[in-house]
Amino acid sequence: MGLHQFRPLPSGRMGILWTLAPIRDAVLMEFGCMGHMVYAQAFLKRAGVPEACKLYSTHMDETDVSLGGIERISRTVEDIVRRDQPRVIFLLPSSVPEMIGTDLPAVCEELQPQYPNVRLLPFGYGGFDVSLHRGVAEALLLLVKALPADGKRTEKPTFNIIGSCGDMFRFQADAEEILRIMEGALRIKPLCVLTSDTSVKQIEQMGGAHINLVIRREGEPAAKHLKKRFGTPYLVKRPYGVRGTGQWIEEIAQILGMAPNRDFVDRQQKEVKSLIAAAVPILRHFTKEQPTEMCLSLGAHADVVQGILDFGCGELELPKGICWCDCPEMASDLLLYFTEEQWTEAVKTQKKGLLMTSGEALEWAGKSREMQISNPDTKWRINPYEPPLVGFRGAVNLVNIWVNEIFGD
Amino acid sequence: MNDTVHLKRLSGVKSNTGVKFLTPAASPGNHCPMHTALASVGRIRGLSSLLIGTPECTTYGRMIIPKATGKNGELHWLYVLESREVVFGCRDGLTAALRKMDAAGAKTILLIATCVPELIGEDVEGILYEIQPEMSARLTYVLTGHFNCNSYSSGYWKTLEALGKLMEKRQVSQRTVNILGRLPKEAHTPMPRLISSLEQRGFPLRYLAPGASLEDFMNAPDARMNLVVSPIGQPLAERMEQKFGIPYISLHNLYEISAIDKAYGDIAGMLHISWEGEFETDRQAALGLQEKAKIKLRGLRYVSTFIGPAMIIPLAAYLADFGMEPVLLHIEEFYPDDKRYAKELTAKGYNPLVCHMVNGASDAAVLEKLSPDLCIGVLPGGRGAFPCIPDMPQVNGRIGYERTSCLLKKILIASDNAKLSASDEVKTSGKGGI
């Protein structure tokens, strides 16, 4: 990755840790120098991830490094089991054990018979070229491979959300909006919100759901696995905008073979249209007058960019500016990945217009922080009740942000 | 089950490696030296940094220094190792990065090498030696691998010492005194009377600690002497003595009155002044407390936990003079100097268990089983089985007679509480009474 002035792309290890940390009734134990876990805890607190999963570190010293010692792992597991009696211990290597080649799965296999009532679940994928997104995908997949129990589908339709994770900006508010819409439009309840609001028990029950809603592409391997094992259909999509959210509801209803609650959907769409009615003409006026400058530019997770772009440029017909995604593996001909050098250049060229990207980039560029749609963040986010970016309420929120940005400019 | 069987005794410990965890599951554990190195750099005006490590170190490092550019134009950039560099080294990448920082206007750059660069054995010193002649910026470095230690203190002293490497000889001013380890104003630490007195006598004082400017550090070799008031200043003082012949007097580990008398006398001698009984009131107060301590503290068994930046082993060596028995000591950082104090303590007949504590709840349970009379330091998770002295950090930053008095007052109060709780125990167990 080389030289950076801004936060680099987080590692796969960080993706795994942030994904597992919100799971209740579990313990996450990292094998490695403990300073890392202290930082991770601080990061999670700022990101608004509650102290659900107990976080521990083994630490390691020169002797462990040079001799490949693993005694700390067994002693720490023993201590945790004795005091916390967790149902599951997630074991994660930090960068140093990854480098010296500690075989965590083998260690877990050896220790497991001593703890018949505690599941030891090793996670890996910590190579130096593995980025955050692959770590998130790996964590989601391994969770659904290891924990869901056999069982029948629930009598009444239910669903799981897959991919609501602490690394995404506004992850809690977005998940909450999806739950609200599912309740209102289809009258169905969740079994598991993986992983931002869930417990070990809820993950065990995931096989009972009638549909899996995958809200980021990293969740697709997990959904595929659940489809294979339980036959659960899934939809990979984030709902943005008025029309987009309506279509998303229709697709879910079709998969489930249900009719959506038209009254709810109509009322929601009518309400959004009414709320944004005064602002949309202003947006169009400004963007028509200066289409090359007053355009919508986005830099974030590929699914977020695509969703907001569909709403802004598709539904509202705003001119499209420069768009990029924050993960090289998600780049395509239509959506490029920008390195730090590229995105800083792109941000510099966006003197006017609607630029939505990470908090760090906006702060550096002296732009309004209201335009944040992705991380890295530079602020604390302990309030899960901020308005969402997805769904009907997200549409109102986005238009509200855009019109204020235009007047702010 | 013996919860302390895995621990070493003080006589068997020569470095941080020998200091084992009391209980194994760190939660939350300690920050690493990278944290304090960054915290120091971020507060030294004019000093830029290049943090070398994994995405974890560099991302989380931004919690400490949030922006790439400091208020005074310092550059705080990050270098993330690629997998190829983990195998083959990062010499080329680092060299290119330093050239860019030089071209961007960094005046002095501290390279902070974290665990992985230290582990792969990257020759940071060699790289700097090679590239320095072609650069305008001055370069220095610190190694902050966390696997070498249990805590974060070394990030402070290594950073200050690394600045010592950049210092060049200056013409000595006979009156300038460097104060190593504190700033002129500190929120929680009153100005020691000794330093105020020097100031009143017109000695130009230069405070060298995180918060000073780089210029202050670079000018430091012009001083007549260094006064060390915190452990983080000791390695820099030693380096300056070795490199420039500047004498130093360390005050942060002195408790015994006669030792303080000698240190104050030496300072006066070096500066050609007489204190004229200026500290006599403080001295008498400390002596009085020492006399009380001799009577009241004898035989008290104690454990120590986190006490802030103070070094516990010299403290324990002093308390041994009163017959206080250290049962188990928490070592935050095993400083190079600690070997000397460990010898002193063992020579007085005490060889306590030593450990590092990283989990308040489980550590407290083990300490309670040891049934000490009191605990020096905080005990999160404790059930109040014995009195604690949680406000030990108040002792830090004080020096001389004030430090001794502050310490002894706290211990004497705690020992009174210890005796009270012991007598309560006797009453409730039914073994006491007339």
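Residues numbered from 1 in each chain as written. Chains lettered and ligands numbered in written order. Predicted model: local features only at pLDDT ≥ 70, side-chain atom pairs only at ≥ 80, totals over all residues. Heavy atoms only, no water.

Our next topic: the state of the cysteines. Residues and elements named next belong to chain B. Tallied over the full model, the rule gives 0 disulfides over all chains. Note on Cys-32: no disulfide assigned, nearest cysteine sulfur contributed by Cys-115 at a separation of 6.6 Å. Among the cysteines around Cys-406, which has no disulfide bond, Cys-375 carries the closest sulfur, lying 17 Å off. We classify Cys-406 as buried; its relative accessible area is 11%. (Disulfide = S-S within 2.5 Å. Buried < 20%, exposed > 50% of the residue type's maximum accessible area, 1.4 Å probe, protein only.)

This part is about the domain arrangement of chain B. Residue and element names in this part refer to chain B. Domain annotation of chain B identifies domain 1 (8-28 + 282-428), domain 2 (33-149) and domain 3 (177-271). The C-alpha centroid of domain 3 is placed 29 Å from the C-alpha centroid of domain 2. Contacts between domain 2 and domain 3 engage 8 residues on the former and 8 residues on the latter. Area buried by domain 2 at its contact with domain 3 is led by Arg-43, Ile-44 and Arg-45, which between them contribute 66% of it. Our count for the contact surface shared by domain 2 and domain 3 stands at 0 salt bridges. Put simply, domain 2 and domain 3 have 5 residue pairs in polar contact (both at pLDDT 80 or more) between them. Looking at the side of domain 2 that touches domain 3, its residues break down into 2 nonpolar, 3 polar and 3 charged. (Domains from an automatic or database assignment. Contact = heavy atoms within 4.5 Å. Buried area = accessible area lost by both parts, 1.4 Å probe. Salt bridge = Lys/Arg side-chain N within 4 Å of Asp/Glu carboxyl O. Polar contact = N/O pair within 3.5 Å; in protein donor to acceptor, adjacent residues only side chain to side chain. Nonpolar A, V, L, I, M, F, W, Y, C, P; charged D, E, K, R; others polar.)

All names here are of chain B. Taken together, 4 strands build an open sheet; the order of strands is E7-E6-E8-E9 and the sheet is parallel. Whereas interior strands pair on both sides, the edge strands pair on one side only; in this sheet they are strand E7 (205-208) and strand E9 (248-250). Taken pair by pair, the neighbouring strands of this sheet meet at an average axis angle of 20°, ignoring direction. Relative to E7, strand E6 (residues 177-180) runs parallel, the two being bridged by 4 bridges. Across the sheet, the residue bridging to Ile-179 is Tyr-207, located in E7. Relative to E7, helix H8 (residues 193-200) is tilted by about 140°, and along the sheet it contacts E6, E7 and strand E8 (225-228). Sitting on the sheet, helix H10 (residues 234-244) touches E6, E8 and E9, and the angle it makes with E9 is about 155°. (Pairing = 2+ DSSP bridges. Helix = DSSP H or I, 4+ residues; strand = E, 2+ residues; numbered from the N terminus. Axes fitted to C-alpha atoms, helices over the stretch in contact; angles between N-to-C directions.)

Our next topic: empty space enclosed by the protein. Tallied over the entire structure, the rule returns 4 cavities of 30 Å³ or more. Its volume calculated, the largest cavity comes out at about 210 Å³. Along the walls of the largest cavity sit 18 residues, with Cys-33, His-36 and Ser-95 of chain A together with Cys-57 and Cys-115 of chain B positioned nearest its centre. Within the residue set of the lining of the largest cavity, elements represented by two or more residues are helix H2 (35-47) and helix H5 (95-100) of chain A together with helix H2 (55-61) and helix H5 (115-119) of chain B. Along the lines of polarity and charge, the residues of the lining of the largest cavity split into 9 nonpolar, 8 polar and 1 charged. When its volume is computed, the second largest cavity comes out at roughly 110 Å³. In terms of lining residues, the second largest cavity is bounded by 16 residues, among which Ala-310, Met-311, Ile-312, Glu-332 and Glu-333 of chain B are the most central. Split into classes, the residues belonging to the lining of the second largest cavity amount to 9 nonpolar, 4 polar and 3 charged. (1 Å grid on protein atoms, 1.4 Å probe; cavity = no way out; pocket = protein on both sides within 12 Å on 5 of 7 lines; lining within 4 Å. Points joined across faces, edges and corners; volume = space filled by probe spheres on them.)

Moving on to the packing of aromatic side chains. This model, assessed by the stated rule, comprises 16 aromatic pairs over all chains. Between Trp-324 of chain A and Phe-338 of chain A, the ring centres sit 5.3 Å apart and the planes meet at 10°, which makes this aromatic pair stacked. Of this pair, Trp-324 of chain A sits in strand E11 (residues 320-325) while Phe-338 of chain A sits in the loop between strand E12 (336-337) and helix H15 (340-349), placing them 14 residues apart in sequence. Site record: aromatic cluster; members linked through ring pairs are Trp-18, Tyr-39 and Phe-43 of chain A together with Tyr-60 of chain B. Taking the ring centre of Phe-21 of chain B as reference, the NZ or CZ of Arg-72 of chain A above it sits at 5.3 Å. When the ring centre of Tyr-141 of chain B is taken as reference, the NZ or CZ atom of Lys-165 of chain B above it lies at 4.4 Å. (Phe/Tyr/Trp six-rings, centres within 6.5 Å; stacked < 30°, edge-to-face > 60°. Lys NZ or Arg CZ within 6 Å of the ring centre and 35° of its normal.)

This next bit is on the interface of chain A and chain B. Counting from both sides, the interface comprises 48 residues of chain A and, opposite them, 51 residues of chain B. Across the chain A to chain B interface the summed buried area is about 4400 Å²; carbon plus sulfur atoms make up 64%. At the junction of chain A and chain B, the tally comes to 2 salt bridges. Among the ionic pairs, Lys-67 of chain B bridges to Glu-363 of chain A, the shortest N-O distance being 3.9 Å. Counting every contact that joins chain A to chain B gives 16 residue pairs in polar contact (both at pLDDT 80 or more). When residues of the side of chain A that touches chain B are traced back to their parent elements, those giving at least two are strand E1 (2-4), helix H1 (12-20), H2, strand E3 (54-57), helix H3 (62-67), helix H4 (71-84) and H5 of chain A. Split by residue class, the side of chain A that touches chain B holds 24 nonpolar, 13 polar and 11 charged. Where E1 of chain A meets strand E3 (residues 76-80) of chain B, 3 bridges bridge the pair, whose relative direction is antiparallel. Paired with His-4 of chain A across the strands is Leu-78 of chain B, a residue of E3 of chain B.

Moving on to the side chain of Ser-164 of chain A. Residues and elements named next belong to chain A. The residue Ser-164 is located in strand E6 (residues 158-164) in this model. Of the polar contacts made by the side chain of Ser-164, one reaches the side chain of Ser-196; its length is 2.6 Å. Excluding residues that lie within four positions of it along the chain, Ser-164 makes contacts with Phe-171, Ala-175, Val-193, Leu-194, Thr-195, Ser-196 and Ile-215.

What follows is about the pairing of E3 of chain B. Here is the key point about a regular strand: its side chains alternate between the two faces of the sheet. Residues and elements named next belong to chain B. Counting buried residues along E3, 5 of its 5 residues qualify, which places the element largely inside the surrounding structure. Here E3 shows two buried faces, one formed by His-76, Leu-78 and Val-80 and the other by Trp-77 and Tyr-79. Across 5 bridges, strand E2 (residues 47-53) lies against E3 in parallel orientation. Residue pairing across strands places Ser-49 opposite His-76, the latter belonging to E3. Between the parallel pair E2 and E3, the chain is carried across by H2, and the sense of this crossover is right-handed. (Right-handed = clockwise from strand over helix to strand, strands pointing away.)

The next point concerns the pairing of E6 of chain B. A two-sided burial pattern is seen for E6 of chain B, the buried positions comprising Val-177 and Ile-179 of chain B on one face and Asn-178 and Leu-180 of chain B on the other. For the segment spanning E6 of chain B, H8 of chain B and E7 of chain B, crossover handedness is right-handed.

Before going further, it helps to spend a moment on the domain arrangement of chain A. Interfaces are often sized by the accessible area lost when the parts come together. All names here are of chain A. As far as domains go, chain A holds domain 1 (12-146), domain 2 (158-261) and domain 3 (270-408). A separation of 24 Å is found between the C-alpha centroids of domain 2 and domain 3. At the boundary of domain 2 with domain 3, total buried surface from both sides reaches about 2400 Å², with 61% on carbon and sulfur atoms. Taken as a group, Phe-169, Tyr-240 and Val-242 account for 32% of the area that domain 2 buries against domain 3, more than any other trio of residues on that side. Inspection of the domain 2/domain 3 interface yields 2 salt bridges. Between Arg-170 and Glu-386 there is a salt bridge whose closest N-O contact spans 3.4 Å. Scanning the region where domain 2 abuts domain 3 turns up 13 residue pairs in polar contact (both at pLDDT 80 or more). Secondary-structure elements contributing two or more residues to the side of domain 2 that touches domain 3 are helix H8 (171-186) and helix H11 (242-256). With 7 residues, H8 is the single largest residue contributor to the side of domain 2 that touches domain 3. When its residues are assigned to classes, the side of domain 2 that touches domain 3 shows 9 nonpolar, 6 polar and 10 charged.

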